[in-house]
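Each chain, written out:
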Amino acid sequence: MKIITPETILSPAQQLSGMSIAFDTHIRAIGPLHELLEQFPEAEFIETPLHSMVMPGLINPHVHLEFSGNKSTLKYGSFVEWLYSVIEHREDIIQGCDQQCMAKACDDMLRSGITTFGAVSSYAMDLETAANAKQKVIFFNEVIGSQATMADTLYDDFMSRLEASKQVQREGFQAGIAIHSPYSVHPALIKRALAHAKVHNLVTSAHYMESPAEKEWLENNSGEFEPFFKEFLKQDYSVNTSKEFLELFKEKPTLMTHVVQANDEELKQLSKDGHSVIHCPISNRLLGNGAIDLERLDANSVPWVMGTDGLSSNYALDLFEEMKIALFMHADADLMPLAKELLASATSKSAQALGLNTGEIAVGKEADLLVIDLETTPNEQLPLHLLLHGYNIKKIYINGNEVS
Ligand code: BEZ
Ligand code: FE2
């Protein structure tokens, strides 16, 4: 058992002072030090800086480790132009990022306080790295392919990657399934993959309504995607409409990434079917997809969480940076409530969406903790200052083990 006595506990945006935390793999008790000492007289004390704060480790449910080699190769500004650039440079980017390069991406995430991540894997090149990472991992094997003639081959390839990830026997590592998007996956493939996910109780994720081009293609079979599909895939219309796509997910609550372009009817459907949204503000900005309307998500009772997306559409894998950008992107929102909501969306709400017993400083939760040096005694605007100042993370615990 360990006992830590920070000046402040923040969970996820509620402040508590004068309390200690007793934990081993899980948080066992929170209370005044003398009470915890009576309960756990043998406990080891953890030293902390004078103005220390303990908060839950951050959860990043959406990253593409295999694309960590991109810095300035891909073209930003418009989604379809970016997609053309991905197709042109995919090989060099992927070959240019070896295990060491992907391990650095995991270490960078850890150093910025991310104790759990969801890795969307296209080719399983990142399996070994994710299996060896210090963090908890949901390894989302991706299904992609809109051509019916290719469906069986693609499904077999997906299943072999999925089976390989299921072989990883490491605490905190679990296999999941990612459906690429409504425009890029044939409905027959989606059905088979989701049926498997339901039977085996696997977490699922999908990109959905990311760009104006996607919306136009799904709704009217026109726009910037029209020449793209004609040229590359000889297709004149989308393999799924938005409605048909959501229909396939009816009985499988899923983390839907981006959702910037969804209308009210679609948001209502997401809420009704128990889905969550992953908000990746930096990626949305860089790919010209606009800013999600968080108020509309809240008004339609759609839970949303924060994600970084990959280095293919971001300059960092850092949720503190992502929350700070979101704070400025959603400039009409009241400042303090937004700062608090952002912190919850990167911790407790993500844990809930992924079905994990973490993301909070509460008795019974897994002990995934950040010890942060606030330098001075915090005031009631701590949630805001935490996003603004990039305070030093002094120690990181995952399942009660010090990992950094
Ligand atoms: C496809 O495989 O059909 C596809 C992949 C990426 C973007 C669009 C379509
Ligand atoms: Fe993504």
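Further up the page is the structure itself.
Residues numbered from 1 in each chain as written. Chains lettered and ligands numbered in written order. Predicted model: local features only at pLDDT ≥ 70, side-chain atom pairs only at ≥ 80, totals over all residues. Heavy atoms only, no water.

Asks: What is the right way to read the overall build of the protein from this model?
Replies: Across its full length, the protein carries 16 helices and 18 strands. Expected size for 404 residues packed as a compact globule is a radius of gyration near 22 Å; at 21 Å, the protein falls within 12% of this value. Its C-alpha atoms put the protein at 70 × 45 × 40 Å along the principal axes. Counting only residues that meet the buried cut, the protein has 57% of its 404 residues in that class. Long-range contacts, defined here as pairs at least 24 residues apart, represent 71% of the contacts in the protein between residues at least 6 apart. With the model as given, the accessible surface of the protein reaches about 16,600 Å², and the carbon-plus-sulfur share is 50%. In the protein, the 31 positive side-chain charges and the 55 negative ones have mean positions that sit 3 Å from each other. (Helix = DSSP H or I, 4+ residues; strand = E, 2+ residues; numbered from the N terminus. Rg over C-alpha atoms; globule rule 2.2 N^0.38 Å. Buried < 20%, exposed > 50% of the residue type's maximum accessible area, 1.4 Å probe, protein only. Contact = heavy atoms within 4.5 Å. Areas by Shrake-Rupley, 256 points an atom, 1.4 Å probe, with all protein chains shown as cover. Lys, Arg positive; Asp, Glu negative; His and termini not counted. Charge placed at Lys NZ, Arg CZ, Asp CG, Glu CD.)

Asks: I would appreciate a short explanation of the coordination of the iron ion (ligand 2) in the present structure.
Replies: Bound to the iron ion (ligand 2) on the protein side are His62 (NE2), His64 (NE2), His207 (NE2) and Asp309 (OD), at distances that span 2.2 to 2.5 Å. The coordination sphere of the iron ion (ligand 2) comprises four donor atoms, whose angles at the metal cover 83 to 169°; the geometry is irregular. Sequence positions of the residues that donate to the iron ion (ligand 2) give the spacing H-x1-H-x142-H-x101-D. Residue His62 is found in strand S8 (residues 58-63), and its partner His207 is found in strand S12 (residues 203-208); the two are separated by 145 residues along the sequence. Across the pair, exposure class does not vary: His62 and His207 are buried alike. (Donors = N, O, S within 2.8 Å, 3.2 Å for Na, K, Ca; no water. Tetrahedral: all angles 85-135°; square planar, octahedral: opposite > 155°, others 65-115°.)

Asks: What should I look at first to understand the sheet that holds strand S1 (residues 2-4) in this one?
Replies: Strands belonging to one sheet form pairs held by backbone hydrogen bonds; the direction of such a pair is parallel or antiparallel. Taken together, the four strands give an open sheet; going across it, the order is S5-S4-S1-S6, and neighbouring strands pair in mixed fashion. Either end of the sheet is taken by a strand with one partner, and the two such strands are strand S5 (27-31) and strand S6 (44-46). The average angle at which neighbouring strand axes cross in this sheet is 25°, direction not considered. (Pairing = 2+ DSSP bridges. Axes fitted to C-alpha atoms, helices over the stretch in contact; angles between N-to-C directions.)

Asks: How should I be thinking about the state of the cysteines in this particular structure?
Replies: Tallied over the entire structure, the rule returns one disulfide. Between Cys97 and Cys101 runs a disulfide, and the two sulfur atoms are separated by 2.0 Å. Across the disulfide from Cys97 to Cys101, rotation about the S-S bond amounts to roughly -95°, and the bridge is consequently left-handed. Cysteine Cys106 remains unbridged, with the sulfur of Cys97 as its closest cysteine sulfur at 9.6 Å. Judged by its relative accessible area of 3%, Cys106 falls in the buried class. (Disulfide = S-S within 2.5 Å.)

Asks: Would you explain the site of ligand 1 in this entry?
Replies: Inspection of the region around ligand 1 gives Ile144, Gly145, Ser146, Tyr183, Ser184, Phe228, Phe229 and Leu233 as its neighbouring residues. Here Ser146 contributes a side-chain N or O atom positioned 2.5 Å from an oxygen atom of ligand 1. The fraction of the free accessible surface of ligand 1 (260 Å²) that becomes covered by protein chains is 83%. (Near = heavy atom within 4 Å. Polar contact = N/O pair within 3.5 Å; in protein donor to acceptor, adjacent residues only side chain to side chain.)

Asks: Looking at this structure, I do not really get the packing of aromatic side chains. What am I missing?
Replies: Geometrically, a pair of aromatic rings is defined through the distance of the ring centres and the angle of the planes. Tallied over the full model, the rule gives 16 aromatic pairs. Ring centres of Tyr183 and Phe225 lie 4.7 Å apart, and the angle between their planes is 40°; on these two criteria the pair is classed as tilted. With Tyr183 in the loop between strand S11 (173-179) and helix H6 (187-199) and Phe225 in helix H8 (residues 225-233), the pair connects residues that are 42 residues apart, well separated along the chain. Given the relative accessible area of 0%, Phe225 is considered buried. For the ring pair Phe228 and Phe232, a centre distance of 5.1 Å and an interplane angle of 55° mean the geometry is tilted. Here Phe232 and Phe228 lie together in helix H8, a separation of four residues that amounts to about one turn. Judged by its relative accessible area of 5%, Phe228 is buried. (Phe/Tyr/Trp six-rings, centres within 6.5 Å; stacked < 30°, edge-to-face > 60°.)

Asks: Just checking my understanding: could you explain unusual backbone geometry for this structure?
Replies: Excluding glycine, residues mostly have negative phi values, and the peptide bonds linking residues are mostly trans. Its identity as a non-glycine residue notwithstanding, Val259 has a phi of 55°, on the positive side. Residue placement: Val259 occurs in the loop between strand S13 (255-258) and helix H10 (264-272). Of note, Ser301 is a non-glycine position whose phi angle comes to about 55°, a positive value. Tracing the sequence through the fold places Ser301 in the loop between helix H12 (294-299) and strand S15 (304-306).

Asks: Mind showing me how you'd approach the nonpolar core here?
Replies: Side chains of nonpolar character tend, in soluble globular proteins, to be buried together. Among the nonpolar cores identified, the biggest contains 100 residues, and Met55, Leu65, Phe117, Ile179, Phe225, Ile372 and Leu386 are the most heavily contacted of them. Element by element, the count of residues in this core is highest for helix H2 (residues 79-95), at seven residues. When we break this core down by domain, the ones giving at least three residues each are domain 1 (2-56 + 359-403) and domain 2 (58-354). Sequence-distant contacts of Leu65, defined by excluding residues within four places in its chain, comprise Cys97, Met102, Ala105, Cys106, Met109, Phe117, Ala119, Asp126 and Ala130. (Core = buried A, V, L, I, M, F, W, Y, C linked by side-chain atoms within 4.5 Å. Domains from an automatic or database assignment.)

Asks: How do you make sense of the sheet that holds strand S9 (residues 114-121) when you look at a structure like this?
Replies: Spatial ordering of the open sheet is given by S8-S9-S10-S11-S12-S13-S14-S15, a layout of eight strands whose pairing is parallel. A strand with exactly one partner marks an edge of an open sheet, and here the two such strands are S8 and S15. Neighbour-to-neighbour, the strand axes of the sheet open up by a mean angle of 25°, direction not taken into account. Across four bridges, the pairing between S12 and S13 is parallel. Looking at the pairing, His207 lines up with Thr257 of S13. Running at roughly 155° to S11, H6 makes contact with strand S10 (136-143), S11 and S12 of the sheet.

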